[in-house]
Amino acid sequence: MYEALVDAGVSKDRARNVVLAQKDTMDQILTTLATKTDMAEFRTYVDGRFDLVGEQMTSMTNRIVIRLGALMVVLTGLLGAILTLTHR
């Protein structure tokens with residue numbers, strides 16, 4: 001690229017600066033690209049997080065069902081007591 005710039009009439013200093021700037025930019029791009037291994041590790045991490053959330057949702061659902069069942073038992077007993085007291 002340097003030679004092409006010099007052949008096109010760009011001064012040697014400017015051509016060198018352009019090539020160095022492009023090299024720095026490419027180095028930055030290449031260091032931020034994810035490899036297949038990186039993506040596989042990320043997928044494993046995300047899958048693990050989703051599994052954890054699924055387990056937490058199941059646990060929460062079970063607790064809600066138990067609490068609603070207990071509430072229904074209490075309210076049924078209260079309704080039975082009220083009906084017994086009103087029919088005396």
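Above this text you will find the structure in question.
Residues numbered from 1 in each chain as written. Predicted model: local features only at pLDDT ≥ 70, side-chain atom pairs only at ≥ 80, totals over all residues. Heavy atoms only, no water.

Is there a simple way to explain the overall build of the protein in this structure?
For the protein, the count of helices and strands is three helices and zero strands. Moving toward the C terminus, one meets the helices and strands of the protein in the order α-α-α. Taking 12 Å as the expected radius of gyration for a compact globule of 88 residues, we find that the protein reaches 35 Å, considerably beyond that expectation. Taking the principal axes of its C-alpha atoms as reference, the protein extends roughly 110 × 25 × 15 Å. (Helix = DSSP H or I, 4+ residues; strand = E, 2+ residues; numbered from the N terminus. Rg over C-alpha atoms; globule rule 2.2 N^0.38 Å.)

Can you walk me through the environment of Ile66 in this structure?
Note that Ile66 resides in helix H3 (residues 36-86). C-alpha of Ile66 to C-alpha of Leu5: the two residues are 61 residues apart in sequence and 76 Å apart in space.

Teacher, can you tell me more about the pattern of salt bridges here?
Per the stated rule, a full pass over the model turns up two salt bridges. The partner of Lys23 in a salt bridge is Asp27, and the shortest N-O contact between them spans 2.9 Å. Note that Lys23 and Asp27 are positioned in helix H2 (residues 12-32) at a spacing of four residues, about one turn of the helix. Judged by its relative accessible area of 48%, Lys23 is partly exposed. Arg43 serves as the salt-bridge partner of Asp47, at 3.7 Å between the closest nitrogen and oxygen. On the criterion of helical spacing, the pair formed by Asp47 and Arg43 is a turn pair, its members being four residues apart in helix H3. Residue Arg43 is classed as exposed on the basis of its relative accessible area of 58%. (Salt bridge = Lys/Arg side-chain N within 4 Å of Asp/Glu carboxyl O. Buried < 20%, exposed > 50% of the residue type's maximum accessible area, 1.4 Å probe, protein only.)

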